[in-house]
Amino acid sequence: KKIMNSDQRIGMVLGATLAAGTAALLMRRPQAAAAPLKHIGLPRARACPAVIHNNTVYLSGQVPDIPTLSTSDIAEQTRQTLSKIDALLLQCGTDRTRIVSSQVWVKDIERDFEGMNEVWNAWVGDDSQPKGVRACVQSPMAREHILVEIKVIAALP
C-alpha cells in the first residue's frame, strides 16, 4: 500500500474539487433550444418529401412520375424529377438558385449521363447563375424503369 505525504493528499483533494466544480458549472450552462424541424409534404411510408432545419431545406431523393416510367427516356424522366424538385423547393420557400448540394443517381452512367446532364444544364441555367455542388453516380434503382433519382439540399433566402 502506497503512503501519500500531506502535499500529495492536498493536491489530490484540490484536483478532485476542481473537477467537481467544473462539472457542476458545465451542467448549469444554459442549453440553447434545439432548432425545430419542419416537415413539408405528405409523409410517406419511409420518408418525408422535405424537411427544413436551421434555414436549410433537405429534399428526399426525387424520382420521375411512376405511371410513365416504362414509356419515358432519361431526358423526360430528368425533366419530371426536376419539376418535382422545383415544386418542393417552392413549397419550402426557396428555389433552385439556392441549391447548396445535389446528388444524382443514374441507372446506367454510360447510357444515361449525357441525356440527364443536358436537361440538368438547361435547368440550372447559364454560367452567370449560381449553382451548388453536384455528384453523379451510377446506381441500381428501386424500380426497374427508374433511370434517375435526384436529391438536393438548399438554403432558405
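Nothing here was measured: the structure is a model prediction, and the numbers come from that model.

Peer 1: Mind showing me how you'd approach the pattern of salt bridges here?
Peer 2: Pairing of side chains with opposite charge becomes possible as their charged atoms draw close. One pass over the full model with this rule turns up 3 salt bridges. Arginine 79 serves as the salt-bridge partner of glutamate 76, at 3.5 Å between the closest nitrogen and oxygen. On the criterion of helical spacing, the pair formed by glutamate 76 and arginine 79 is a turn pair, its members being 3 residues apart in helix α2 (residues 74-92). A relative accessible area of 30% means that glutamate 76 is categorised as partly exposed. Look at arginine 79 and you get partly exposed, because its relative accessible area is 44%. Between arginine 96 and aspartate 86 there is a salt bridge; the shortest N-O distance is 2.7 Å. Of this pair, arginine 96 sits in the loop between α2 and β4 (99-106) while aspartate 86 sits in helix α2, placing them 10 residues apart in sequence. In this structure arginine 96 comes out as partly exposed when scored by relative accessible area, which is 31%.

Peer 1: Hey, could you run me through the packing of α2 against helix α3 (residues 109-124) in this one?
Peer 2: Helix-helix packing is characterised by the crossing angle of the two axes and by the distance between the axes. Where α2 meets α3, the closest approach of the two axes is 8 Å, and the angle between their N-to-C directions is 40 degrees. As far as their axial angle goes, α3 and α2 are oblique. When you trace α2 past α3, the crossing you get is right-handed. Across the interface between the two elements, Ile74, Ala75, Thr78, Arg79, Leu82, Ile85 and Asp86 of α2 pack against Asp112, Gly115, Met116, Val119, Trp120 and Trp123 of α3.

Peer 1: Explain the side chain of glutamine 80 to me, please; I cannot follow it from the model alone.
Peer 2: Mapped onto the fold, glutamine 80 is located in helix α2. Glutamine 80 sits in the buried class, given a relative accessible area of 11%. Within the local environment of glutamine 80, its side chain forms a polar contact with the backbone nitrogen of aspartate 65, the two atoms lying 3.0 Å apart. Those residues within four positions of glutamine 80 in sequence are excluded, and the remaining contacts are Pro64, Asp65 and Thr68.

Peer 1: What am I meant to see in the environment of arginine 143 here?
Peer 2: One can find arginine 143 in the loop between β5 (133-138) and β6 (148-155). In this structure, the C-alpha to C-alpha distance between arginine 143 and isoleucine 66, residues 77 residues apart in sequence, is 9.2 Å. With residues up to four places along the chain from it excluded, the contact list for arginine 143 reads Ile66, Leu69 and Lys107.

Peer 1: Explanation requested: the sheet that holds strand β2 (residues 50-53) in the structure shown.
Peer 2: Whenever strands of a sheet pair, they do so through backbone hydrogen bonds, lying parallel or antiparallel. If you trace the 6 strands from one edge of the open sheet to the other, you get β1-β2-β3-β6-β4-β5, paired in mixed fashion. The sheet terminates laterally at β1 (38-40) and β5, the two strands that pair on one side only. For this sheet, the mean angle separating the axes of adjacent strands, direction not counted, is 15 degrees. Strands in contact with α2 are β1, β2, β3 (56-59), β4 and β6; relative to β6, the strand with the most contacts, it is inclined by about 25 degrees. The strands touched by α3 are β4, β5 and β6; relative to β5, the strand with the most contacts, the crossing angle is about 155 degrees.

Rules of the game
Residues numbered from 1 in each chain as written. Predicted model: local features only at pLDDT ≥ 70, side-chain atom pairs only at ≥ 80, totals over all residues. Heavy atoms only, no water. Salt bridge = Lys/Arg side-chain N within 4 Å of Asp/Glu carboxyl O. Helix = DSSP H or I, 4+ residues; strand = E, 2+ residues; numbered from the N terminus. Buried < 20%, exposed > 50% of the residue type's maximum accessible area, 1.4 Å probe, protein only. Axes fitted to C-alpha atoms, helices over the stretch in contact; angles between N-to-C directions. Parallel < 35°, antiparallel > 145°, perpendicular 65-115°, else oblique. Left-handed = near helix turned anticlockwise from the far one by under 90°. Contact = heavy atoms within 4.5 Å. Polar contact = N/O pair within 3.5 Å; in protein donor to acceptor, adjacent residues only side chain to side chain. Pairing = 2+ DSSP bridges.

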